[in-house]
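Close look at the chain arrangement
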Amino acid sequence: MEEGSNRGDFLGNLFRPSPLRTGGSLMSTSSGKSTPRGSPSFRRLNSSRTPRREGRSSGSSAQWFRSNRIVLWLLLITLWAYAGFYVQSRWAHGDNKENFLGYGGKPNNGISKSEENHRRELIANDNSSSVKTETDEKQSSLKKINVVLAKKGNVLPPRRILKKKSKKSVRGLRSKTRGKQKPTPEVEATEIEEQEPEIPKRNTSYGLLVGPFGSTEDRILEWSPEKRSGTCDRKGQFARLVWSRKFLFVFHELSMTGAPLSMMELATEFLSCGATISVVVLSKKGGLMPELVRRKIKVLDDKADPSFKTAMKSDLVIAGSAVCASWIDQYMERFPAGSKNVVWWIMENRREYFDRSKLVLSDVKMLIFLSESQSKQWLSWCAEENIKLKSQLAVVPLSVSDELAFVAGISCSLNTPSSGPEKMLDKRKLLRSAVREEMGLTDNDMLVMALSSINAGKGQLLLLESAQMVVQKEISHDANIRKLSSESQGMQEQTLKVLIGSVRSKSNKVPYVKAILSFVSQHSNLSKSVLWTPTTTRVAALYSAADAYVINSQGLGETFGRVTIEAMAFGLPVLGTDAGGTKDLVEHNVTGLLHPLGHPGTQVLAENIQFLLKNPVARQEMGARGRKKVEEMYLKRHMYKKFAQGICEVAASILNCGTLPS
């Protein structure tokens, strides 16, 4: 029993807190004396707060700082890094760099601010005087020329003019452009812009420059550009196909011509259907960049490595021209597996484009052509070069955009209860009257229109030769009318007016433009019948004002003819060459009239124009049949159905193609 009691005392002492322990968790008992019952120390020791809580409150802050020193250091480093990035960002992007390192981002070396301002004024005055001298030299040279054409040989390029300047002015200009490299194509485009306009606003020799009529469209049609930024049917099959997918579009340029416009509308449709879109532009030549920005289409700054990496991350890459061959070649050289997601939409039909692209034709996943005739032509060239195509082939014709179909009075996704097709037909008549009045036309004038880039392949000079034949007949006919009675004089036939576009297009061939102007200047009677219009994307007003359309493409003819189906949508008869895609679209004596290629076709084209002048009823009937054909075959829903079927054949494992019809 005594041994058991000793063992109990030992265990009790073992678990009882030692009075010699001086840690923060227990009360110190340095004094050996007992505490009086009524003293503050006794009350504190015997209060409701336990010794453990007492010690925790007294030493918690110091202990927390000791145990969390790493967190504090990380917080301090984060704040320091943020301050450094903030200062660097302000210096790099701010306008007041002198607040950090002095003027121009360099130390001021003790120079006062007044001296710096004085230096800036001297540099600015020197630059302005040099620019003024250059402008005066250009203006003096322009006075000797009636019409200034964008040609490198006509006016001394800016680089040569700079050689005549003083060394001081050249040094001032170099200080602003130091470190910036300008690609050669952009410099050439700048030179062309500086030497415009090609055609004066009004000139007795060259006719009248009219349009664009965007403001007139907005006023009469009562719609804003925001309403034209996306027309996807979210419940449709095409939307389910591209929804939440990533696509990269490759533009060869940004001119307002068929291929870039078609690619822009395709990208807009993908974007409005919920896809993620990026665009690579190989040449910034043209004026579509503001329109891409308005449509919120992302354009990559670099067309090299960043675009290749974006392409690899995309579900599908769509290249929109044969000119994209160089980019496709570099992309596949960098990423050999990248050919599996490339769809190449070729929109040209000339041998020179085939020669540029033949080395990579069989490396892509799919080739898409615009028409059967184009597809057969490219396959024959491949046979000549012994090229065996491994790529899948498809034919996807272009379509009339919903924007133009809406104005033309064709049922589309833009229609609302207050703006149905019948309502838009009435507004189109008002638009026609307003635009023709601005052009100075009367009801007695028949306006024949040709919208495209001005070059020999489009045949505008041959069209004017045919127009000259018609005008000459009109003059002789008017001479005979003067001999008739006053009653006969009241019966007047319609007179011919020809509208040619697109002035100032970056795709215009200036020597050819110069030849056209020279021809018009030699025929004063023709110059009174010719009107010019600048390049624009707002063409609905022009189609509404016209009475007939001419597609006079030479060589192998038009690849497809986007403008052909647009004119047909507006009920215009088409006068086209008997070749290429035009022959596939225009039925002779049904939706229009065809004529041979080259100079032999000028006489036939003149006769066809004369026929339409004398037969307005036949003109309206042909236009109505062409409009019906567009409604049945060439609207947006027709194009995207074929396009979806084509890309599903090459990307069925990536895209949701299960719901698409066969």
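Residues numbered from 1 in each chain as written. Predicted model: local features only at pLDDT ≥ 70, side-chain atom pairs only at ≥ 80, totals over all residues. Heavy atoms only, no water.

**Focus on the overall build of the protein chain**
When helices and strands are tallied, the protein chain shows 29 helices and 15 strands. Taking all contacts inside the protein chain whose residues are at least 6 apart in sequence as the whole, residues at least 24 apart take part in 75%. For the protein chain, the accessible area works out to roughly 36400 Å², and carbon and sulfur atoms hold 53% of it. (Helix = DSSP H or I, 4+ residues; strand = E, 2+ residues; numbered from the N terminus. Contact = heavy atoms within 4.5 Å. Areas by Shrake-Rupley, 256 points an atom, 1.4 Å probe, with all protein chains shown as cover.)

**Section: the sheet that holds strand β7 (residues 342-345)**
The parallel open sheet is built from 7 strands, whose spatial order is β5-β4-β3-β6-β7-β8-β9. A strand with exactly one partner marks an edge of an open sheet, and here the two such strands are β5 (298-299) and β9 (392-395). Along the sheet, helix α29 (residues 636-651) makes contact with β6 (316-319), β7, β8 (366-369) and β9, crossing β8 at roughly 165°. (Pairing = 2+ DSSP bridges. Axes fitted to C-alpha atoms, helices over the stretch in contact; angles between N-to-C directions.)

**Remarks on the nonpolar core**
Membership of the largest hydrophobic core comes to 94 residues, with the highest contact counts inside it found for Phe249, Phe270, Trp345, Met439, Tyr543 and Phe643. No other element matches the 8 residues that α29 contributes to this core. Residues from two domains meet in this core; each of domain 1 (237-399 + 643-652) and domain 2 (426-478 + 493-634) gives at least three. If you look at the next biggest cluster of nonpolar residues, it comprises 34 residues, including Val498, Ile516, Phe519 and Trp532. (Core = buried A, V, L, I, M, F, W, Y, C linked by side-chain atoms within 4.5 Å. Buried < 20%, exposed > 50% of the residue type's maximum accessible area, 1.4 Å probe, protein only. Domains from an automatic or database assignment.)

**Describing the packing of helix α14 (residues 305-313) against helix α15 (residues 325-334)**
Pairs of packed helices are described in terms of their axes, by the angle between the two and the distance that separates them. The N-to-C vectors of α14 and α15 enclose an angle of 70°; their axes lie 10 Å apart at closest approach. Judged on the interaxial angle alone, α15 and α14 are roughly perpendicular. In this structure, α14 contributes Asp305, Ser307, Phe308, Lys309, Ala311 and Met312 to the contact, and α15 contributes Trp327, Gln330, Tyr331 and Arg334. Counted by class, the contact of α14 with α15 contains 5 nonpolar, 2 polar and 3 charged residues. (Parallel < 35°, antiparallel > 145°, perpendicular 65-115°, else oblique. Nonpolar A, V, L, I, M, F, W, Y, C, P; charged D, E, K, R; others polar.)

**With respect to the state of the cysteines**
Counting across every chain of the model gives 1 disulfide. Residue cysteine 232 pairs covalently with cysteine 273 via a disulfide, S to S 1.9 Å. Disulfide cysteine 232-cysteine 273: the torsion about the S-S bond is 105°, which places it as right-handed. Taken together, the positions of cysteine 232 in the loop between α10 (214-221) and α11 (237-242) and cysteine 273 in the loop between α12 (258-272) and β4 (276-281) put the pair 41 residues apart, joining distant regions of the chain. What makes cysteine 232 buried here is its relative accessible area of 18%. Among the residues examined, cysteine 273 registers a relative accessible area of 1% and is labelled buried. (Disulfide = S-S within 2.5 Å.)

**Describing α15**
Burial in α15 covers these residues: Ala325, Trp327, Ile328, Tyr331 and Met332. Buried residues along α15 cover an arc of 160° about the axis, so they all sit on one side. Where α15 is buried, its residues contact β3 (246-251), β4, α14, β6, β7 and α16 (351-357). (Arc of directions from axis to C-beta.)

**As for the environment of phenylalanine 406**
Secondary-structure assignment places phenylalanine 406 in helix α18 (residues 402-408). Of the residues examined, phenylalanine 406 reaches a relative accessible area of 4% and is grouped as buried. For the pair phenylalanine 406 and serine 419, spaced 13 residues apart in sequence, the C-alpha to C-alpha distance is 8.9 Å. In contact with phenylalanine 406, other than residues within four places in its own chain, are Trp223, Cys412, Leu414, Asn415, Ser419 and Met424.

**Some thoughts on the pattern of salt bridges**
Opposite charge on two side chains makes pairing possible when the charged atoms of those side chains draw close. In this structure the tally under the stated criterion is 22 salt bridges. With its nearest N and O atoms 2.7 Å apart, the salt bridge here joins arginine 538 to aspartate 218. Residue arginine 538 is located in the loop between β12 (530-534) and α24 (540-545), and its partner aspartate 218 is located in helix α10; the two are separated by 320 residues in the primary sequence. By relative accessible area, which is 24% here, aspartate 218 ends up partly exposed. Of the charged contacts, one joins lysine 358 and glutamate 385 as a salt bridge, the two residues approaching to 3.7 Å between their closest N and O atoms. Residue lysine 358 is located in the loop between α16 and β8, and its partner glutamate 385 is located in the loop between α17 (372-384) and β9; the two are separated by 27 residues in the primary sequence. Look at lysine 358 and you get partly exposed, because its relative accessible area is 23%. (Salt bridge = Lys/Arg side-chain N within 4 Å of Asp/Glu carboxyl O.)

**Things to note about the side chain of glutamate 291**
Mapped onto the elements, glutamate 291 comes out in helix α13 (residues 289-294). Residue glutamate 291 is classed as buried on the basis of its relative accessible area of 16%. Discounting residues that sit within four places of it in the chain, glutamate 291 has contacts with Met264 and Thr537.

**With respect to the confidence of the model for the protein chain**
Chain-level statistics for the protein chain give a pLDDT mean of 76 and a share of 66% at 70 or above. Ranking the helices and strands of the protein chain by mean pLDDT puts strand β13 (residues 548-551) first, with 98, and helix α9 (residues 184-194) last, with 35. Scored below 50 in pLDDT, residues 10-33 shows 10 contacts in the model against residues more than four places distant or in partner chains. Throughout residues 48-58 the model reports pLDDT below 50, and contacts reaching past four residues in sequence, or to other chains, amount to 7 contacts. (pLDDT = per-residue confidence, 0-100.)

**Describing the packing of helix α25 (residues 562-569) against helix α28 (residues 616-633)**
Running from N to C, α25 and α28 point in directions that differ by 115°, and their axes come no closer than 7 Å. Relative to α28, α25 is oriented roughly perpendicular. The hand of the α25/α28 crossing is left-handed. Contact with α25, carried on its side by Ile565, Met568 and Ala569, involves Gly623, Gly626, Arg627, Lys629 and Val630 of α28 and no other residues of that element. Along the lines of polarity and charge, the residues of the contact of α25 with α28 split into 4 nonpolar, 2 polar and 2 charged. (Left-handed = near helix turned anticlockwise from the far one by under 90°.)

**A closer look at the side chain of serine 278**
Relative to the helices and strands, serine 278 resides in strand β4. Not counting residues up to four positions away in its chain, the partners in contact with serine 278 are Phe247, Leu248, Phe249, Lys298, Leu300 and Thr310.

**A few points about the environment of alanine 434**
In this structure, alanine 434 sits in helix α19 (residues 421-439). Judged by relative accessible area, which is 15%, alanine 434 ranks as buried. Taking C-alpha positions, alanine 434 is 9.7 Å from phenylalanine 213, a pair spaced 221 residues apart along the chain. Dropping the residues within four chain positions of it, alanine 434 is found in contact with Thr216 and Ile220.

**Concerning the packing of aromatic side chains**
Counted by the stated rule, this structure contains 17 aromatic pairs. Ring centres 5.5 Å apart and planes at 80° place the aromatic pair phenylalanine 354 and tryptophan 378 in the edge-to-face group. One end of the pair, phenylalanine 354, is in helix α16; the other, tryptophan 378, is in helix α17, with 24 residues separating them in the sequence. Here the two residues phenylalanine 354 and tryptophan 378 agree in accessibility, since each one is buried. Summarising the aromatic geometry, the rings of tyrosine 543 and tyrosine 549 are spaced 6.2 Å apart at their centres and angled 40° between planes, so their arrangement reads as tilted. (Phe/Tyr/Trp six-rings, centres within 6.5 Å; stacked < 30°, edge-to-face > 60°.)

**Description of α12**
Here α12 spans 21 Å end to end across 15 residues, near enough to the 21 Å set by a 1.5 Å rise per residue. Burial of α12 is extensive: 13 of the 15 residues sit out of reach of the surface. Glycine 274 sits one or two residues past α12 and shows a positive phi near 95°. (Expected span 1.5 Å × (residues − 1).)

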